[in-house]
Amino acid sequence: MANIIDGKAISAAVRGEIKENTQKFIAETGITPGLAVIIVGTDPASQVYVRNKRRACEEVGFYSEAYELPEATTQAELEALVDKLNADPAIHGILCQLPLPKHLNEESILLRIDPRKDVDAFHPYNVGRIMIGNQKFLPCTPAGVMELIRRSGIDCTGKECVVVGRSNIVGKPMAMLLLQANGTVTICHSRTKDLSEVTRRADILVVAIGKADFITGDMVKEGAVVIDVGMNRRADGKLTGDVDFATVAPKASYITPVPGGVGPMTITMLMQNTLTAATEAAAK
Ligand code: NDP
């Protein structure tokens, strides 16, 4: 049976370190890291995320602002808010909760956020820096996965790393970070031929597709490290991953559960990025 990677415990340890580093940073500079979170509309899942982000800020000692805007907010109003936050010296990180309502142009909002305050690392400037391997911010979910791997004592060097999913938020940056960690990386997607043949080669398998229990035991090599990024709601309301835990865990050497694996790391890495942004701003 696999070792369970405890994302809650690792997340708590990382948050403890961020809190300590924040206290030192405030003592040295007199600056409190500040995060602004913007949410447009009333999507209940997004509201929960925003609440959790505010709590995480309190926990590590950041200043935070939440802008909960009505569904009818116009592009011009949202852009004006981003411009105001870009210019506000008390704000070091700006996060616009996605998805935005359909009438708003997501790409143009993400482009408008000052790359120095882009703590989600979605701006093409920051995406480009990840490609080069000279990044300031790492996208939160893939960064959280790397932290889980590292803190479990797993070395990616020379390993066959397979990422299932090629989204801009998870799959693609995930592959780049595994490559930076010297893994031999393959990216799979919905057009991959014979997916099981590829996943069975993986020493480290990261799954981010958004399909409940999709990866089953027969698709995984004996002794593989399996990281499940998926977050899917079952009909009974329960959260479940993209990996069929029951059949995969007996074969894996390490596995992340859902909930309690990758999920808790994402907001923690957002806190890390905000502290990095404040530190960079103070160094100017
Ligand atoms: P997207 O829907 O943007 O991307 C899904 C990817 O999976 C696509 O690249 C798609 O391929 C691929 N895919 C879909 N079906 C298959 C299939 N049958 N075989 C192989 N590949 C397939 O999702 P995200 O990357 O945003 O999210 C993925 C999952 O991770 C979701 O469950 C999401 O909720 C979760 N998530 C969790 C986070 C966390 O904090 N734990 C944060 C972000 C996401 P193609 O490109 O060809 O369509």
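Definitions and limits used
- Residues numbered from 1 in each chain as written.
- Predicted model: local features only at pLDDT ≥ 70, side-chain atom pairs only at ≥ 80, totals over all residues.
- Heavy atoms only, no water.
- Near = heavy atom within 4 Å.
- Polar contact = N/O pair within 3.5 Å; in protein donor to acceptor, adjacent residues only side chain to side chain.
- Areas by Shrake-Rupley, 256 points an atom, 1.4 Å probe, with all protein chains shown as cover.
- Nonpolar A, V, L, I, M, F, W, Y, C, P; charged D, E, K, R; others polar.
- Pairing = 2+ DSSP bridges.
- Helix = DSSP H or I, 4+ residues; strand = E, 2+ residues; numbered from the N terminus.
- Core = buried A, V, L, I, M, F, W, Y, C linked by side-chain atoms within 4.5 Å.
- Buried < 20%, exposed > 50% of the residue type's maximum accessible area, 1.4 Å probe, protein only.
- Contact = heavy atoms within 4.5 Å.

1. Thoughts on the site of the ligand
Stage number 1. By nearness alone, 21 residues border the ligand, and Arg 166, Ser 167, Ser 190, Lys 211 and Thr 266 come closest of all.
Stage number 2. Between Arg 166 and the ligand, the recorded distance is 2.7 Å, taken from a side-chain N or O atom to an oxygen atom.
Stage number 3. Between Lys 211 and the ligand, the recorded distance is 2.8 Å, taken from a side-chain N or O atom to a nitrogen atom.
Stage number 4. Considered on its own, the ligand offers 930 Å² of accessible surface; in the complex 71% of this is hidden by protein.
Stage number 5. The class makeup of the residues in the shell around the ligand is nine nonpolar, ten polar and two charged.

2. A few points about the sheet that holds strand E6 (residues 184–188)
Two strands in a sheet stick together by hydrogen bonds in their backbones, pointing the same way (parallel) or opposite ways (antiparallel).
Stage number 1. What the six strands build is an open sheet, ordered E1-E11-E8-E7-E5-E6; its pairing is parallel. Strands with a single pairing partner mark the edges of an open sheet, and in this sheet they are strand E1 (3–4) and E6.
Stage number 2. Looking at chain direction, strand E7 (residues 204–207) and strand E8 (residues 225–228) are connected through four bridges and run parallel. The residue of E8 that forms the bridge with Val 206 is Ile 227.

3. Some details on unusual backbone geometry
Stage number 1. For the bond running from Leu 98 to Pro 99, omega is -5°, close enough to zero to count as cis.
Stage number 2. Turning to its location among the elements, Pro 99 is positioned in the loop between strand E4 (93–96) and helix H4 (106–112).
Stage number 3. The omega angle of the peptide bond from Val 258 to Pro 259 is 0°, so this bond is cis rather than trans.
Stage number 4. Locating Pro 259 in the fold gives a position in the loop between strand E11 (254–255) and helix H10 (263–283).
Stage number 5. Phi at Asn 182 is positive, roughly 70°, even though this residue is not glycine.
Stage number 6. Residues other than glycine seldom take positive phi values, yet Asp 194 does so here, at roughly 50°.
Stage number 7. By secondary structure assignment, the location of Asp 194 is in the loop between E6 and helix H8 (195–199).

4. Topic: the nonpolar core
Stage number 1. Core analysis: the largest hydrophobic core is formed by 49 residues, its most contacted members being Val 145, Ile 149, Leu 178, Ile 204, Val 206, Ile 227 and Met 271.
Stage number 2. Per element, the largest residue contribution to this core is eight residues, and it comes from H10.
Stage number 3. With near-sequence residues (within four places) excluded, Met 271 lies in contact with Ile 18, Leu 35, Lys 53, Ala 56, Cys 57, Val 60 and Phe 62.

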